[in-house]
Amino acid sequence: MTAASTKRTSLAVVLAAGESTRMKSSRSKVLHPVANRPMIAHVVDTLAGAGISEVALVLGRDAEKVAAAAAHPSVESSVHIQTERLGTAHAVLAAREAIAKGHDDLIVVFGDTPLITAATLEAARAQLADGADVVVIGFRTADPTGYGRLIIEGEELLAIREHKDASEAERAITYCNGGLMALNGYKALDLIARIGNANAKGEYYLTDIVEVARAAGGRAVAVEAAEAELTGCNNRAELAFIEKLWQERRRREMMVDGGVSMIAPETVFLSWDTEIAGDVTIEPNVVFGPGVRIESGAVIHAFSHIEGARVAAGAQIGPYARLRPGASVGEGARVGNFCEVKKAEIGPGAKVNHLTYIGDAFIGARTNIGAGTITCNYDGINKHVTQIGADAFIGSNTSLVAPVSVGEGAYVASGSVITADVPDDAVAFGRARQENKEGRAAVIRERNRALKDARGKSGA
Ligand code: UD1
Ligand code: MG
């Protein structure tokens, strides 16, 4: 943040009163998630990151849900309902009460433009600090159709012409209005009140503030941002495009700034809060749901799905592993292919390598869980806990019927169904003893052949 904007007071107005018609959705579009977080929450988080702690939400549909999704610990927000949608200027005026309190900087952003960065908002605020009354965030694009065009002369922004109202010559301009603005917070209400609706759509365009401010002797300028930052969401295809851009940006940050290795980054899906430490390697086709922390040096092998889980330093996950909420994998531990871990702690150096379900459990350090082991944690009504001490060995194909515990250093024989606690250093057999019947196989084989022959003759 610039020194100037640090000292300045600010209010952001977030416009999100749209009907979201083109989303064909049962909810407001700003509730739709990008990286597993509602779009509106991304916007508010970015505002907070730009040092803005007061937000006025202009809402229509689903106002209560949108306000809840927009809640942020360091932002104080107020809700303003725009009952009729008469244009972006009209929408800003819905927040009149909040604006009238008086702030140095008034920032106007859209709830459906979640990729805007704090750096861009700070650049716009810096222009206000330099004396501009209107700062428009613009972008250059190969296809400007539909956007308002920025009419620039030297350093000055003369006007914004909406596509529908633009002349042929103006339509050739590729520098466009992203829609987001920073305004002199003391002058904004007066300027917006002078905006009329004599245009192609009969709407009150916020963009007219440029000409209105200039007519009043004020200065308007544009700051340029990358086109990606101003990508808006009107339909599901655009939502998917925003997701793609968000993923690309965050992967790059993780690799370049965070020292994370991704072999095929385009196949790794992150959530808004995914934390991955340096020197972690992520193999192809890995999905991170919300609430994941991966510590230094861990390796996430291909095709793993991880959500609400922590993976400690040097641990290895997958290929084809699923970590569900509450899974915590200790230092240097391994969770291998086709294993599912839920609400369970896997101790340091423990191994859960093949075809296993561990739920509601504590597995001690260095313990080995054999292939096909299942914690039977659910009785149809309640969940129960399985506790396994350190240095234990659970043989393959064991069912651990919880609540149950296996002591430190204990062995459980393969194929056991363990229903009672196993003491430290004990060996538990929970299966029928093997019996060998000499020569019996030949007898059975003879009988089966005879049966087949008899069927062949009768044509059955
Ligand atoms: C707006 C800009 C245009 C810019 C484009 C960038 C205006 C007049 N035009 O056009 O110059 O290039 O964004 O995407 O500002 N909203 C309300 N209430 C209203 C009207 C709009 O809350 O009465 C909200 C919408 O939900 C949306 C945002 O304001 O989030 C922008 O409105 P929209 O109708 O999408 O404006 P555009 O025509 O895209
Ligand atoms: Mg739009």
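Around ligand 1 lies a shell of 20 residues, among which Gln-82, Thr-88, Gly-148, Glu-162 and Asn-177 are the nearest. Within the side chain of Asp-112, a nitrogen or oxygen atom sits 3.5 Å from an oxygen atom of ligand 1. Protein chains bury 86% of the 760 Å² of accessible surface belonging to ligand 1 in isolation. With respect to the detected pockets, ligand 1 is housed in the largest pocket. When residues of the shell around ligand 1 are traced back to their parent elements, those giving at least two are strand 1 (10-16), helix 4 (88-93) and strand 10 (175-184).

Another point: the packing of helix 2 (residues 39-49) against helix 6 (residues 118-129). Relative to each other, helix 2 and helix 6 sit at 55°, their axes nearing to 8 Å. Classified by the interaxial angle, the pair formed by helix 2 and helix 6 is oblique. When the axes of helix 2 and helix 6 are compared, the crossing they make is right-handed. In this structure, helix 2 uses Thr-46, Leu-47 and Gly-49 to contact helix 6, whose residues at the interface are Ala-118, Leu-121 and Glu-122. Among the residues making up the contact of helix 2 with helix 6, the classes are represented as 3 nonpolar, 2 polar and 1 charged.

The domain architecture assigned to the chain consists of domain 1 (3-230) and domain 2 (236-428). One C-alpha centre belongs to domain 1, the other to domain 2, and the line joining them spans 44 Å. Of the residues lining the interface, 17 residues belong to domain 1; the matching set on domain 2 comes to 14 residues. Buried surface at the junction of domain 1 and domain 2, summed over both partners, amounts to about 1,300 Å²; 63% is from carbon and sulfur atoms. Sorting the residues of domain 1 by area buried against domain 2 places Ala-35, Asn-36 and Leu-115 first, and these three jointly supply 41% of that buried surface. Viewed at the interface, domain 2 and domain 1 are joined by 0 salt bridges.

Val-13, Ile-40, Leu-47, Leu-183 and Ile-192 are the most contacted members of the largest nonpolar core, which totals 73 residues. When near neighbours in sequence (up to four residues on either side) are disregarded, Ile-40 contacts Val-14, Ala-16, Val-30, Leu-57, Val-66, Ala-69, Ala-70 and Gly-111. Residues Ala-315, Val-352, Leu-400 and Val-404 belong to the second largest nonpolar core, which totals 56 residues.

It is worth spelling out a nonpolar patch on the surface at this point. Together, Phe-303, Tyr-320, Phe-338 and Leu-355 make up a nonpolar patch on the protein surface, roughly 430 Å² of accessible area in all. Relative to the helices and strands, Phe-338 is located in the loop between strand 24 (334-337) and strand 25 (340-346).

Here we take up the sheet that holds strand 12 (residues 261-262). Strands sit in the order 12-15-18-21-24-26-28-31-34-36 across an open sheet of 10 strands; the sheet is parallel. Each edge of the open sheet is held by one strand with a lone partner, namely strand 12 and strand 36 (427-428). By the bridge criterion, 3 bridges tie strand 24 to strand 26 (residues 351-354) in an arrangement that is parallel. Within strand 26, the residue paired with Arg-334 across the bridge is Lys-351.

Here Val-406 is to be found in strand 33 (residues 404-406). C-alpha separation for the pair Val-406 and Ile-388, spaced 18 residues apart in sequence, amounts to 4.6 Å. In contact with Val-406, not counting residues within four places along its chain, are Gln-387, Ile-388, Gly-389, Ala-392, Ile-394, Leu-400, Val-412 and Val-422.

Think of two packed helices as two axes; the pair is described by the angle between the axes and how far apart they sit. Packing of helix 2 against helix 3 (residues 63-70) brings their axes to within 8 Å, and their N-to-C directions diverge by 45°. On the basis of their axis angle, the class for helix 2 and helix 3 is oblique. Between helix 2 and helix 3 lies a crossing whose hand is right-handed. In this structure, helix 2 contributes Ile-40, Ala-41 and Val-44 to the contact, and helix 3 contributes Val-66, Ala-69 and Ala-70.

Estimated volume of the largest pocket: approximately 1,500 Å³. The wall of the largest pocket is formed by 48 residues, among which Arg-22, Phe-110, Asp-112, Lys-201 and Asn-234 lie closest to the centre. Of all elements in the fold, only strand 1, helix 4, strand 10 and helix 10 (236-257) reach the threshold of two or more residues within the lining of the largest pocket. Considering each element in turn, the lining of the largest pocket owes the most residues, 4 residues, to strand 10. Grouping the constituent residues of the lining of the largest pocket by class yields 17 nonpolar, 20 polar and 11 charged. Each of domain 1 (3-230) and domain 2 (236-428) contributes no fewer than three residues to the lining of the largest pocket. In this model, the second largest pocket occupies a volume close to 230 Å³. Forming the boundary of the second largest pocket are Arg-37, His-42, Asp-45, Thr-46, Pro-114, Ile-116, Thr-117, Trp-246, Arg-249, Arg-250, Glu-253 and Trp-272. Examining the composition of the lining of the second largest pocket, we find that 4 residues originate from one element, helix 10, more than from any other. For the lining of the second largest pocket, the per-class residue count stands at 4 nonpolar, 3 polar and 5 charged.

Reading the values: the criteria
Residues numbered from 1 in each chain as written. Chains lettered and ligands numbered in written order. Predicted model: local features only at pLDDT ≥ 70, side-chain atom pairs only at ≥ 80, totals over all residues. Heavy atoms only, no water. Near = heavy atom within 4 Å. Polar contact = N/O pair within 3.5 Å; in protein donor to acceptor, adjacent residues only side chain to side chain. Areas by Shrake-Rupley, 256 points an atom, 1.4 Å probe, with all protein chains shown as cover. 1 Å grid on protein atoms, 1.4 Å probe; cavity = no way out; pocket = protein on both sides within 12 Å on 5 of 7 lines; lining within 4 Å. Sits in = over half its atoms within 2 Å of the grid points. Helix = DSSP H or I, 4+ residues; strand = E, 2+ residues; numbered from the N terminus. Axes fitted to C-alpha atoms, helices over the stretch in contact; angles between N-to-C directions. Parallel < 35°, antiparallel > 145°, perpendicular 65-115°, else oblique. Left-handed = near helix turned anticlockwise from the far one by under 90°. Contact = heavy atoms within 4.5 Å. Nonpolar A, V, L, I, M, F, W, Y, C, P; charged D, E, K, R; others polar. Domains from an automatic or database assignment. Buried area = accessible area lost by both parts, 1.4 Å probe. Salt bridge = Lys/Arg side-chain N within 4 Å of Asp/Glu carboxyl O. Core = buried A, V, L, I, M, F, W, Y, C linked by side-chain atoms within 4.5 Å. Buried < 20%, exposed > 50% of the residue type's maximum accessible area, 1.4 Å probe, protein only. Patch = residues over 30% accessible without salt bridge, like charges linked within 9 Å, V, L, I, M, F, W, Y side chains within 5 Å. Pairing = 2+ DSSP bridges. Points joined across faces, edges and corners; volume = space filled by probe spheres on them.

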